[in-house]
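# Descriptive structure summary
So the chains spell out like this:
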Amino acid sequence: MTSRRQFFVRVATGTAAVTLGRGGSSAGAQQRGAMHDSSIVRDTTNLFAMDQGAARSVRLPPKPNATPQLTNVQRDDLEHHIRCQCGCTLDVFTCRTTDFSCQVSPAMHSDVMALVQGGYTAQEIIDAFVSAYGERVLMAPKKSGFNLLAWFTPGVAVIVGGVLIAAWLRRWKNEPPPAPVLNQSASVDATQDELARLDAAVRGDERE
């Protein structure tokens, strides 16, 4: 039987243990926080390793009496053909309108805006970005040289494969069925005289 005094002693002891446990947890958290180095905190908003310093200046002097050659819609469509260089694999338009932690796509967009205001055409702007970044800045490779081979090789492979399969099916369909194989080991239960009469009967039927 537990007395009232023992009961209150146990309650007090349990409360003290809980309080000490919370204090220890808080101290452990503070210690872990003290050991945490803020310099290793990385941006986890993107699945890819973002290079925020990848932007390069793509600026050309404005043309004389420069007039924009592209509408806003055409400019946005142009940005769909330019790859953001932060490492996200998205085009400039998609990156700058969906990933607000990226600092590269806004810089590339600013260059596009300046070139549009400078009176440059879409192809001239593309060429300017290729000159600054190389062909990796394009969402799709140019249709020339080895890149042209990359464009047509898949289609050619599909056509050649289809022709080979059609030829094989045609040959398989026209191939005659295999002739039945006679069992050479089967024995004939007949005498030589019976076989001779059978042969004569067959020959007689052939003459008729």
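Residues numbered from 1 in each chain as written. Predicted model: local features only at pLDDT ≥ 70, side-chain atom pairs only at ≥ 80, totals over all residues. Heavy atoms only, no water.

### Section: the packing of helix α2 (residues 72-79) against helix α4 (residues 104-117)
Using the following cut-off: With axes taken as lines fitted to C-alpha atoms, and helix axes fitted only over the stretch in contact, angles between N-to-C directions fall between 0 and 180 degrees. A run of DSSP states H or I qualifies as a helix once it reaches four residues; a run of E qualifies as a strand once it reaches two. Both are numbered from the N-terminal end. Throughout this description, any angle smaller than 35 degrees is read as roughly parallel, any larger than 145 degrees as roughly antiparallel, any in the 65 to 115 degree range as roughly perpendicular, and the remainder as oblique. Handedness of a crossing is defined here by the sense of rotation of the near helix relative to the far one, left-handed for an anticlockwise turn of less than a right angle and right-handed for a clockwise turn. Any two residues whose heavy atoms approach within 4.5 Å at even a single point are treated as in contact. Ten residues, namely Ala, Val, Leu, Ile, Met, Phe, Trp, Tyr, Cys and Pro, are considered nonpolar, four, namely Asp, Glu, Lys and Arg, are considered charged, and the remaining ones, Gly among them, are considered polar.
It is at 11 Å that the axes of α2 and α4 come closest, and there the two elements cross at 135 degrees. Classed by the angle they form, the pair α2 and α4 counts as oblique. Crossing of α2 against α4: the hand is right-handed. Two secondary-structure elements touch here, α2 through R75, L78 and E79 and α4 through H109, V112, M113 and V116. Residue classes in the contact of α2 with α4 are distributed as 4 nonpolar, 1 polar and 2 charged.

### Thoughts on the packing of aromatic side chains
Quick note on the threshold: Two aromatic rings from Phe, Tyr or Trp, using only the six-membered ring of Trp, form a pair when their centres are within 6.5 Å; if the ring planes differ by under 30 degrees the pair is stacked, by over 60 it is edge-to-face, and anything between is tilted. Here the term buried applies to any residue with accessible area under 20% of the maximum for its type, exposed to any over 50%, and partly exposed to those in between, with areas from a 1.4 Å probe on protein chains only.
Evaluation of the coordinates by the stated rule reveals 1 aromatic pair. Aromatic side chains F129 and Y133 sit 6.2 Å apart centroid to centroid with 10 degrees between the ring planes, which places their arrangement in the stacked category. Taken as a pair, F129 and Y133 lie in helix α5 (residues 122-133) at a separation of 4 residues, close to a single helical turn. Across this residue pair, the class does not change: F129 and Y133 are buried.

### Description of the nonpolar core
Operational definition: By nonpolar core we mean a set of buried residues, namely Ala, Val, Leu, Ile, Met, Phe, Trp, Tyr and Cys, connected to one another through side-chain atoms within 4.5 Å.
Residues I82, C86, M108, I125, F129 and V137 are the most contacted members of the largest nonpolar core, which totals 27 residues. Looking at this core, the element that brings in the most residues is α5, giving 7 residues. Discounting chain neighbours no more than four positions away, the residues touching I82 are D91, V92, M108, V112, I126, F129, V137 and M139.

### Let's talk about the pattern of salt bridges
Here is the rule: Salt bridge, as applied in this entry: a Lys or Arg side-chain nitrogen positioned within 4 Å of an Asp or Glu carboxyl oxygen.
With the rule as written, the count across this model stands at 6 salt bridges. Here D111 makes a salt bridge to R59, at a shortest N to O gap of 2.5 Å. Separated by 52 residues along the polypeptide, D111 in helix α4 and R59 in the loop between α1 (4-35) and α2 bring together distant segments of the chain. The exposure class of D111 is buried, given its relative accessible area of 5%. Residue R75 pairs with D76 through a salt bridge whose shortest N-O separation is 3.0 Å. Since its relative accessible area comes to 18%, D76 is described here as buried. When salt bridges with common partners are traced through the structure, they connect R75, D76, E79 and R96 into a single cluster.

### Some details on α5
Let me state the cut-off plainly: Helix span, as expected, comes to 1.5 Å for every residue beyond the first.
Spanning 12 residues, α5 covers 17 Å between terminal C-alpha atoms, matching the ideal 16 Å at 1.5 Å per step. Among the residues making up α5, those that are buried are I125, I126, A128, F129, V130, A132 and Y133. Taken together, the buried residues of α5 touch α2 and α4. Note on α5: the residue one or two positions beyond its end, G134, has a positive phi of about 90 degrees.

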